[in-house]
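# Geometric and topological summary
Here are the chains, one letter per residue:
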Amino acid sequence: MTDAIKREPARPAKNPAATAQVAPREEATPASNNGLPPDDQVALRKELLKSMFLQRRFEERCAEAYALGKIGGFCHLYIGQEAISAGTMSLLRPDDYVVTSYRDHGQAIARGMSPRTVMAELFGRQTGCSGGKGGSMHLFDKSLNFLGGHGIVGSHVPLAAGVGWAIKYRGGDQVCVCFFGEAAVNIGAFHEALNMASLWKLPVVFIIENNRYGMGTAISRATANEDVTTRAAAYKMHGESIDAQDVFAVRDAVGRAIQLARTEKTPTLLEMRTYRFMGHSMSDAASGTYRTKEELEENMKRDPILVLREKMHAAGELPEGDLAKIDEEAKVIAQDAWDYADKSPEPPLSELWEDVVVDTTS
Amino acid sequence: MAVLTYRDALNQALREELIRDDRVFLMGEEVAQYNGAYKVSKGLLDEFGPMRIVDTPITELGFAGVGIGSAMVGLRPIIEFMTWNFALLAIDQVVNSAAKMLYMSGGQFPMPMVFRGPNGSALQLSAQHSQAWESWLAHIPGLKVVTPATPADAKGLLKSAIRDDNPVVFLEGEMLYNTRGEVPDGEYTIPLGKADLKREGDACTIVAHGKMALLAMQVADTLAKEGIAVDVVDLRTVRPMDVETIAISVRKTNRAVVLEEGWEICGVGAQVVDFIQRECFDDLDSPVLRVHQEDVPMPYAKNLEKAAKPDAAKAIAAVKKVMYLA
């Protein structure tokens, strides 16, 4: 990046629970106190709902922009899986680390990256978080310890172990959270990384986002043992399976895993059982080829946004007006991101040759 | 100046850089307790401890990735592959992660790290353990590829590689570890991307790198007895390539032979010849010839292996041919 173009700053973390103590395992219900006083619990639930709405509305605009040709290449939407990113990021400290796969828009936004710079990156603009050189699959933000956006299935899992190694090397108490799909549990990089993470006691939380399809291949057609948490046992690691459409179930499990990583310096493998409501990428229909419309519709009944909304309604925490306001705010931010990206310049041709190598030594 | 083996020169470079910068650590198979499969890391575990000299499982892809992750957050790993033949298991990490991270993050994540280990054939190790990978690796933008030929170059180049803020592929000659030569004591670095004129003459230019630079010097000494004085340009760094030094030499000699350990097709020599024909077309008195491994997997039988490898006789024949002496 040239210094002339200023990136949008990251949004400050405003989640009251971001640095809170995590309570021991409890029922994942709205009654779950999450270690917080009652007023903060309500505030936390609203923040989680806001985060999920923002991811959802943002990505709906991504789909629209893709159809208009404003976004090119591969574009993998996260819609349906937002409780995982919202729940996880709400527990991280600013100095913790995140490494993820190519389905990274939701996580980037939940971590606090500016929707403007994310959309600008998708539009291939100079103001994008990676200067327009990475695109959808390669979102990075050093200021937020958001370490990408990686495009080869499973290849970033050892990188997360490496971040864990660096934390251990320096004697820090940060954690590294690594997201990947369930199809990645069959690739060597995953196994090599888990083995070293457990062997060396590295503070990493490995999160399998099991949306049940590796591209168009159902887990039952690809994985001999569909209980992917058993992979943890192979490496003497704690493993758990979570209903990831419930953001509080996500928070409970991730909270405990983070605690283990910070205090015991041990890694955890979490299976987040979820479902993606869109196709694998923009060229893939949501249903009709490898999964039925009925299956899709059945799973959409457990939309993570709906699940949280209903719980908040039941608890009297979400008057109708509030919901509309949260939704409207998300739409405004998504529109603003679109406008910002649309009017941002393309990278100058001189950028073609920048960032291939650095000319420094240390 | 002390006379050291290539192995001890590398060890000295590692030791000095481990002392100089506590972000530097060495990770790989058998590097610590075993003192290195080729003893390059001998004594380092005792001096620096197990956090800085790290034994790994046999899991090249995995520990290459661990190095990359640690470099993303500010450490300066040296990843040792027991040989580059095994590094093929890690090629995804070297190419897709290390080489491209800076670019695809828009300059946010430099990769200050070294991937090092022995490269090229030894003796009768047969097909899977006898190959030179530099043309594969030099193909990739974002990597630097270093191939030291002598103990002094090994030390000076490794120290520079460790200090470089880019991912550096450091290819040591498997047959060079026991070779000896004078090595400057203490602080001694050689800039990456600078070739070295190892012999001077005006009859022909021999361009070589790594182990083949030694062969080129041997050929130069033999030819000198016949009154033929040749330039030997040791590239030292294959990428970036010091094309200026090649051009200066070829403009003087008007003839060139390119010597390499790898195979012919798309080899390093093809790149050198491409450069020479574009930049020195009017200076040439004859076509540029290449000497390389025969286009076959490395055989085991001693006689077949010898026939497959580039050697002095093939190089001398090539020089004489470009001089129209044969």
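In what follows, the accompanying structure is described. Fair warning: this is a prediction, and the values are worked out from it, not measured in the lab.

The next subject is the interface of chain B and chain A. Taken together, the contacts link 47 residues of chain B with 43 residues of chain A. The contact between chain B and chain A buries some 3,700 Å² in all, and 65% of this surface belongs to carbon and sulfur atoms. It is B:Tyr103, B:Met104 and B:Gln108 that lose the most area in chain B upon contact with chain A, and together they represent 19% of the buried surface on that side. Linking chain B with chain A are 21 residue pairs in polar contact (both at pLDDT 80 or more), by the criterion used here. At 10 residues, the largest contribution of residues to the side of chain B that touches chain A is made by helix H3 (residues 60-72) of chain B. Each residue belonging to the side of chain B that touches chain A can be placed in one class, and the counts come to 20 nonpolar, 16 polar and 11 charged.

It is worth spelling out unusual backbone geometry at this point. Residue and element names in this part refer to chain B. Here Arg-239 and Pro-240 are connected by a cis peptide whose omega angle stands at -5 degrees. Locating Pro-240 in the fold gives a position in the loop between strand E12 (237-239) and helix H10 (243-253). At Ser-126, a residue that is not glycine, the phi angle is positive and equals roughly 65 degrees. Take Ser-126: its relative accessible area is 26%, and that puts it in the partly exposed class.

Residue and element names in this part refer to chain A. On the basis of which strands lie adjacent, the open sheet formed by 6 strands has the order E2-E1-E3-E4-E8-E7 and parallel pairing. The sheet is open, and its two borders are formed by strand E2 (146-149) and strand E7 (238-243), each paired with just one other strand. When the angles between neighbouring strand axes are averaged without regard to direction, this sheet yields 15 degrees. Alignment of strand E1 (residues 97-100) against E2, held across 2 bridges, turns out to be parallel. Across the sheet, the residue bridging to Val-98 is Phe-146, located in E2.

Attention now moves to helix H6 (residues 188-199) of chain A. Helix length check: H6(A) (12 residues) gives 16 Å between terminal C-alpha atoms against 16 Å at 1.5 Å per residue, within 8%. Along H6(A), the positions that sit buried rather than exposed are A:Ala189, A:Phe190, A:Ala193, A:Leu194, A:Met196, A:Ala197 and A:Ser198. Considering only its buried residues, H6(A) is in contact with helix H5 (156-170), strand E3 (176-181), strand E4 (204-210), helix H8 (230-234) and strand E8 (268-273) of chain A together with H3 of chain B.

Criteria and thresholds
- Residues numbered from 1 in each chain as written.
- Chains lettered and ligands numbered in written order.
- Predicted model: local features only at pLDDT ≥ 70, side-chain atom pairs only at ≥ 80, totals over all residues.
- Heavy atoms only, no water.
- Contact = heavy atoms within 4.5 Å.
- Buried area = accessible area lost by both parts, 1.4 Å probe.
- Polar contact = N/O pair within 3.5 Å; in protein donor to acceptor, adjacent residues only side chain to side chain.
- Helix = DSSP H or I, 4+ residues; strand = E, 2+ residues; numbered from the N terminus.
- Nonpolar A, V, L, I, M, F, W, Y, C, P; charged D, E, K, R; others polar.
- Buried < 20%, exposed > 50% of the residue type's maximum accessible area, 1.4 Å probe, protein only.
- Pairing = 2+ DSSP bridges.
- Axes fitted to C-alpha atoms, helices over the stretch in contact; angles between N-to-C directions.
- Expected span 1.5 Å × (residues − 1).

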